[in-house]
Amino acid sequence: MTTYLLAGGGTAGHVNPLLATADELRRRDPGAEIVVVGTATGLEARLVPERGYELVTIAKLPFPRRPNRAAISFPNALRGVIADLTRLMRERRVDVVVGFGGYAAAPAYLAARHAKVPLVIHEANARPGLANRLGARFTPFVGLAFRAGMLPHGRFVGMPLRREIQALVGGPKAAARAEALTLFGLDAGRPVLLVTGGSLGAAQINGSVFAAAADIVAAGWQVLHITGNRSELVDPGIPGYRMLRYCDRMELALAVADLAVSRAGAATVSELAALGVPGVLVPYAVGNGEQRFNAVDLVEAGGAVLVRDADFTPEWIRSSLLPLLGDRARIGDMAAAALGAGVTDGSARTVDLIEEALKGA
């Protein structure tokens, strides 16, 4: 029996590819033992047990970026967590550690090195985080979700897709579109522009689309606008403009979309490409800039256009987006380009990499 230890979490961007990979491991080897290491405060604390996998929690240890009391206590705390994980790996006879980044990943990488357990890393963003930059120094088995990825030893494997998205690959999208039209109250005879900034929303995207909503509808399109929970916008009641604060069936929103305006998070870009949905990508303008790099593959393939957050204004919508909405042939070409750039077997490719590491051990 093979025992896999999967490490990562904090956000959906870490947890979802971890769970997709775990599902593929379980599919190939139903008798495998799968242990997930995360924290008690990340999304993994809820999602991992819900999926039926064992979760072992460790202390959340943000890397100190300035000299303070936390920086003084950090080395001892880290050593303690590494010792605990090393003991766990030996007691459970872990055969391979697979990391996806996040707070739980770096201690697991260091423990794997200490316990001499093979290590595999999957990096979801084109510009990697600190944990995976550390872990990539310890292993030649590094999978990248984007061709433009920036880790040593990295090879392109694509993104392990959420099971809801994977279920739409290869044909059932038409049936899902019909379900989505009913769920969202949309007209089957008009194309759909999906607008989303993620679960928390994106103020620049929300405000600009809201201001230009009447113009978009007048161009013959209908809008499915998911504003996020923090938005204070009030539905203007324009026929053909459907506003939601939150959507728990995003796979149906993607299935019904003929074009999407969105941020360029790793999962979003990967899912748009896998389903052949062309995009207007507006990267989040803060952080380490990873969203701009996430968009590179899809934009260079011709499946999306890139717009700076500050440039995405009602004026830009009227001068640039409306002409695109009126060019259905170009949108069709973009959809084909997106589908050509997409990866629908990222979970399988990631598990292939894991099996390669096991054979090498």
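Residues numbered from 1 in each chain as written. Predicted model: local features only at pLDDT ≥ 70, side-chain atom pairs only at ≥ 80, totals over all residues. Heavy atoms only, no water.

Peer 1: Give a description of the overall build of the chain that names residues and reports values.
Peer 2: Looking only at helices and strands, the chain has 15 helices and 13 strands in total. Taken against the 2.2 N^0.38 rule, which gives 21 Å for 361 residues, the C-alpha radius of gyration of the chain at 21 Å falls within 12% of a compact globule. The principal-axis extent of the C-alpha atoms belonging to the chain is close to 65 × 45 × 35 Å. Within the chain, buried positions represent 51% of all 361 residues. Counting only contacts in the chain whose residues sit at least 6 apart along the sequence, the fraction spanning at least 24 positions is 64%. (Helix = DSSP H or I, 4+ residues; strand = E, 2+ residues; numbered from the N terminus. Rg over C-alpha atoms; globule rule 2.2 N^0.38 Å. Buried < 20%, exposed > 50% of the residue type's maximum accessible area, 1.4 Å probe, protein only. Contact = heavy atoms within 4.5 Å.)

Peer 1: Which residues make up the side chain of Ser 208, and what values do they have?
Peer 2: Tracing the backbone shows Ser 208 in helix α8 (residues 203-218). Excluding anything up to four places from it in sequence, Ser 208 contacts Phe 312, Thr 313, Pro 314 and Ile 317.

Peer 1: I'd like to hear about the sheet that holds strand β7 (residues 154-156), residue by residue, with values.
Peer 2: Spatial strand order, β3-β2-β1-β4-β5-β6-β7: seven strands in an open sheet with parallel pairing. The open sheet has two free edges, formed respectively by β3 (54-58) and β7, since each of these has just one partner strand. The sheet shows a mean angle of 25° between the axes of neighbouring strands, taken without regard to direction. With five bridges connecting them, strand β2 (residues 33-39) and β3 associate as parallel partners. Of the residues in β3, the one forming a bridge with Thr 39 is Ile 58. In the packing of helix α1 (residues 12-28) onto the sheet, contacts are made with β1 (3-7) and β2, and the angle to β1 comes to roughly 170°. Along the sheet face, helix α15 (residues 346-360) touches β1, β4 (96-99), β5 (119-123), β6 (142-144) and β7 and points at about 160° away from the line of β5. (Pairing = 2+ DSSP bridges. Axes fitted to C-alpha atoms, helices over the stretch in contact; angles between N-to-C directions.)

Peer 1: So what about the UniProt feature "binding site: UDP-N-acetyl-alpha-D-glucosamine" (unreviewed entry) in the chain? Which residues, and what values?
Peer 2: Per the UniProt record, "binding site: UDP-N-acetyl-alpha-D-glucosamine" (unreviewed entry) is annotated on Thr 11, Ala 12, Gly 13, Asn 125, Arg 162, Ser 199 and Gln 291. Lining the second largest cavity, from this annotated set, are Arg 162. Relative to the helices and strands, Gly 13 resides in helix α1. For Gly 13, a relative accessible area of 35% puts it in the partly exposed group. Here Asn 125 shows up in the loop between β5 and α5 (130-135). The contact partners of Asn 125, leaving out residues within four places of it in the chain, are Phe 146, Ala 266, Glu 290 and Asn 294. (UniProt positions renumbered as here; feature names shortened; annotations may be inferred. 1 Å grid on protein atoms, 1.4 Å probe; cavity = no way out; pocket = protein on both sides within 12 Å on 5 of 7 lines; lining within 4 Å.)

Peer 1: Talk me through helix α10 (residues 266-275); I want residue IDs and the actual numbers.
Peer 2: Burial analysis of α10 places eight of its ten residues in the buried class, the great majority of the element. Backbone geometry just downstream of α10 places Gly 276 in the positive-phi region, at approximately 70°.

Peer 1: I'd like to hear about the domain arrangement of the chain, residue by residue, with values.
Peer 2: Per the domain assignment, the segments of the chain are domain 1 (3-160 + 344-360) and domain 2 (164-341). Here the C-alpha centre of domain 2 lies 31 Å away from the C-alpha centre of domain 1. At the boundary of domain 1 with domain 2, total buried surface from both sides reaches about 1200 Å², with 56% on carbon and sulfur atoms. The largest per-residue losses of area from domain 1 upon contact with domain 2 belong to Arg 127, Phe 146 and Thr 344, which jointly make up 48% of the total buried on that side. Counting across the domain 1 and domain 2 interface gives zero salt bridges. The interface formed by domain 1 and domain 2 holds five residue pairs in polar contact (both at pLDDT 80 or more) in total. Considered class by class, the residues forming the side of domain 1 that touches domain 2 number seven nonpolar, two polar and two charged. (Domains from an automatic or database assignment. Buried area = accessible area lost by both parts, 1.4 Å probe. Salt bridge = Lys/Arg side-chain N within 4 Å of Asp/Glu carboxyl O. Polar contact = N/O pair within 3.5 Å; in protein donor to acceptor, adjacent residues only side chain to side chain. Nonpolar A, V, L, I, M, F, W, Y, C, P; charged D, E, K, R; others polar.)

Peer 1: I'd love a proper account of the layout of surface pockets, names of residues and values included.
Peer 2: Size it by volume and the second largest pocket reaches roughly 170 Å³. Among the residues making up the lining of the second largest pocket, the classes are represented as six nonpolar, one polar and three charged. (Points joined across faces, edges and corners; volume = space filled by probe spheres on them.)

Peer 1: Describe the packing of aromatic side chains, listing the residues and the values that go with them.
Peer 2: All told, the structure shown has one aromatic pair when counted by the stated rule. On the basis of an interplanar angle of 40° and a centroid distance of 5.6 Å, the ring pair of Phe 312 and Trp 316 is categorised as tilted. Each member of the pair Phe 312 and Trp 316 is classed as buried. Seen from the ring of Phe 293, Arg 292 lies directly overhead, with NZ or CZ sitting 4.5 Å from the centre. (Phe/Tyr/Trp six-rings, centres within 6.5 Å; stacked < 30°, edge-to-face > 60°. Lys NZ or Arg CZ within 6 Å of the ring centre and 35° of its normal.)

Peer 1: Hey, could you go over the packing of α10 against helix α14 (residues 328-341) for me, with residue numbers and the actual values?
Peer 2: Interaxial distance between α10 and α14 falls to 6 Å at its minimum, and their mutual angle equals 110°. As summarised for this structure, α10 and α14 are arranged roughly perpendicular, according to the angle between their axes. For the element pair α10 and α14, the recorded crossing hand is left-handed. Contact with α10, carried on its side by Ala 273, Ala 274 and Leu 275, involves Ala 338, Leu 339 and Ala 341 of α14 and no other residues of that element. Considering only residue class, the contact of α10 with α14 consists of six nonpolar, no polar and no charged. (Parallel < 35°, antiparallel > 145°, perpendicular 65-115°, else oblique. Left-handed = near helix turned anticlockwise from the far one by under 90°.)

Peer 1: Could you give me a rundown of the pattern of salt bridges, with the residues and numbers involved?
Peer 2: Pairs may arise between side chains of opposite charge once their charged atoms sit close together. Counting across every chain of the model gives 20 salt bridges. Note that Asp 23 and Arg 51 form a salt bridge whose closest N and O atoms lie 2.4 Å from each other. Of the two residues, Asp 23 is situated in helix α1 and Arg 51 in helix α2 (residues 44-51); the sequence distance between them amounts to 28 residues. Owing to a relative accessible area of 25%, Arg 51 belongs among the partly exposed residues under this scheme. Among the ionic contacts, a cluster of salt bridges with common partners joins Glu 24, Arg 27, Arg 28, Asp 352 and Glu 355.

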